[in-house]
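Each chain, written out:
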Amino acid sequence: MQTTSLSYKLIKKIKDERFDEELIHQYHLLIAFSTRDVQVVIIEPIENRVLLLEDYVLPAVNSHQELVSLLSQLFDAHALLRAGFWKKIKISIKNQKFVQVPTALFIPESMAEYLKFNAHAEADDDFIATSNPQAEAVTIFAINRELKNWLLSVYPNNTPIFVHQSAALIEGVLTFAKNRSDNPLYIYVDRFKLHILSCSGGKLIYYNQFAIKQFSDYVKYIMLVMKSLNLNQQTSQVVLWGYIGKNSPHYQEFYKYINNVMFGELPSYLHFSYMFDEVQEHHFFDTYSIHLLGE
C-alpha cells in the first residue's frame, strides 16, 4: 500500500535582530495550533517585545496520530521548538470543544459535565481549565490525550501552560476594549473559522465561533449575531482582525453588508520592531493574546 508523506509549509517568518539563542531561558515561547496550522511567537517578557513570529500551514490530517506525526516532524526540524529551558511555555489549542463558566460557579471536578453543555468529548480526551481573569470566567476545553502527552514529553522538565484560543481572544478583546468608549462588534477571521465577540463596560457579553465552509457563511453568521444583539449593520462599528487582507475581495464583500468596518490594531501591551512592519497589524491577534494568559 502506497503512503503519502504529509508535510507542513512555512508561509511567514519574522525575526527581530535582538533575538539571542543564548538568552532563551529569559524568553516566553507561545505556540498556537489547530489541525490545519501552527503559529510560533517568542516574547522577551521584561519589555514585552516580540522577537520571533512564524506561521505554518498544515495539510489536512485524518487522525490525531497523523497530527502528532506531523508536529513531531516540524519540531524535529526546528532549531528552537524542542529546547526545554524557556522561562515559560504556553500552548494554545484551537478546537471547538470548549465552554466558558463563571469563576464563581467553577468546580474543577465537574469539567466534563460543564463541557457537555457545548461540545461532545471523546473517550480519549483530557480536560483542561484556563482562567479568564478579566472576564471573571474559566474556559474549559478538551484535548486529545495522545496529543497532550506528546506535548508534555517534548518539555518534560518545563511543563507547558495549556490555554484555549477562545480564552486568548476573550482576554485580548477585553484588553483592547478598555481604550474605547463605544461597544463595537469584534470579529476574528481565522482559517476555516469565524469568531465573534461583544463586550460592554469591561464585561464579556457574547462569544462564539462558527465553522466556515464558504464565504457566504461569514456574512450569514455576522448578520445573525448582529440581529441577536440588536446591532444595526449600517451604523454599528465592527472591529476586524484575522486572515483577511485590506484589499482582498473578501473585505470588499464584507463592506457591502457592514458599512462601518475598521481593522483592529496590534496589541498595545506588546512591542514590535520595524521588522514586523511587513505583517498587517490585524493578523495573529489570537496568538499574541496568549501572552495575557497563564501569568
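The rules behind each value
- Residues numbered from 1 in each chain as written.
- Predicted model: local features only at pLDDT ≥ 70, side-chain atom pairs only at ≥ 80, totals over all residues.
- Heavy atoms only, no water.
- Axes fitted to C-alpha atoms, helices over the stretch in contact; angles between N-to-C directions.
- Helix = DSSP H or I, 4+ residues; strand = E, 2+ residues; numbered from the N terminus.
- Left-handed = near helix turned anticlockwise from the far one by under 90°.
- Contact = heavy atoms within 4.5 Å.
- 1 Å grid on protein atoms, 1.4 Å probe; cavity = no way out; pocket = protein on both sides within 12 Å on 5 of 7 lines; lining within 4 Å.
- Points joined across faces, edges and corners; volume = space filled by probe spheres on them.
- Nonpolar A, V, L, I, M, F, W, Y, C, P; charged D, E, K, R; others polar.
- Pairing = 2+ DSSP bridges.
- Phe/Tyr/Trp six-rings, centres within 6.5 Å; stacked < 30°, edge-to-face > 60°.
- Buried < 20%, exposed > 50% of the residue type's maximum accessible area, 1.4 Å probe, protein only.
- Lys NZ or Arg CZ within 6 Å of the ring centre and 35° of its normal.
- Salt bridge = Lys/Arg side-chain N within 4 Å of Asp/Glu carboxyl O.

A. Inspection of the packing of helix α5 (residues 215–228) against helix α6 (residues 249–257) at higher detail. Running from N to C, α5 and α6 cross one another at 30 degrees; their axes reach a closest spacing of 11 Å. Between α5 and α6 the crossing geometry is right-handed. Of the residues in α6, those touching α5 at Phe215, Tyr218, Val219, Ile222 and Met223 are His250, Glu253, Phe254 and Tyr257.

B. Region of interest: the layout of surface pockets. Considered as a void within the structure, the largest pocket measures approximately 430 Å³ in volume. Of all the elements in the fold, those that place two or more residues in the lining of the largest pocket are α1 (64–77) and β8 (137–144). Element by element, the count of residues in the lining of the largest pocket is highest for β8, at three residues. Grouping the amino acids of the lining of the largest pocket by side-chain chemistry returns 10 nonpolar, six polar and eight charged.

C. Layout of the pairing of strand β12 (residues 203–211). Note: strand β11 (residues 193–200) against β12, eight bridges, orientation antiparallel. Within the sheet, the bridge partner assigned to serine 198 lies in β12 and is tyrosine 206. The hairpin turn running from β11 into β12, its antiparallel successor, is two residues long, and glycine 201 in that turn takes a positive phi close to 60 degrees.

D. Main features of the packing of aromatic side chains. Under the defined criterion, the tally for this structure stands at 15 aromatic pairs. Aromatic side chains phenylalanine 272 and phenylalanine 276 sit 5.6 Å apart centroid to centroid with 70 degrees between the ring planes, which places their arrangement in the edge-to-face category. Phenylalanine 276 carries the same exposure label as phenylalanine 272, and that label is buried. Aromatic rings pair up to connect Tyr243, Phe272, Phe276, Phe284 and Tyr288 into one cluster. If you follow arginine 191 out to its NZ or CZ, it ends over the ring of tyrosine 243, 4.0 Å from the centre.

E. Structural view of the pattern of salt bridges. Tallied over the full model, the rule gives 15 salt bridges. We note a salt bridge from arginine 49 to glutamate 47, for which the minimum N-O separation is 3.2 Å. The exposure class of arginine 49 is buried, given its relative accessible area of 14%. Residue glutamate 47 is classed as partly exposed on the basis of its relative accessible area of 44%.

F. Here's a closer look at the sheet that holds strand β14 (residues 261–263). Ordered in space as β12-β11-β10-β13-β14, the five strands form an open sheet in which the pairing is mixed. Here the strands that pair on one side only, and so sit at the sheet edges, are β12 and β14. The sheet shows a mean angle of 25 degrees between the axes of neighbouring strands, taken without regard to direction. Note: strand β10 (residues 185–190) against strand β13 (residues 238–242), five bridges, orientation parallel. Residue pairing in the sheet places valine 189 in a bridge with glycine 242 of β13. Packing against the sheet, helix α4 (residues 165–177) makes contact with β10, β11, β12 and β13, and its axis sits at approximately 40 degrees to β11.

So, to be careful, I would describe these as geometric facts and stop short of saying anything about function.
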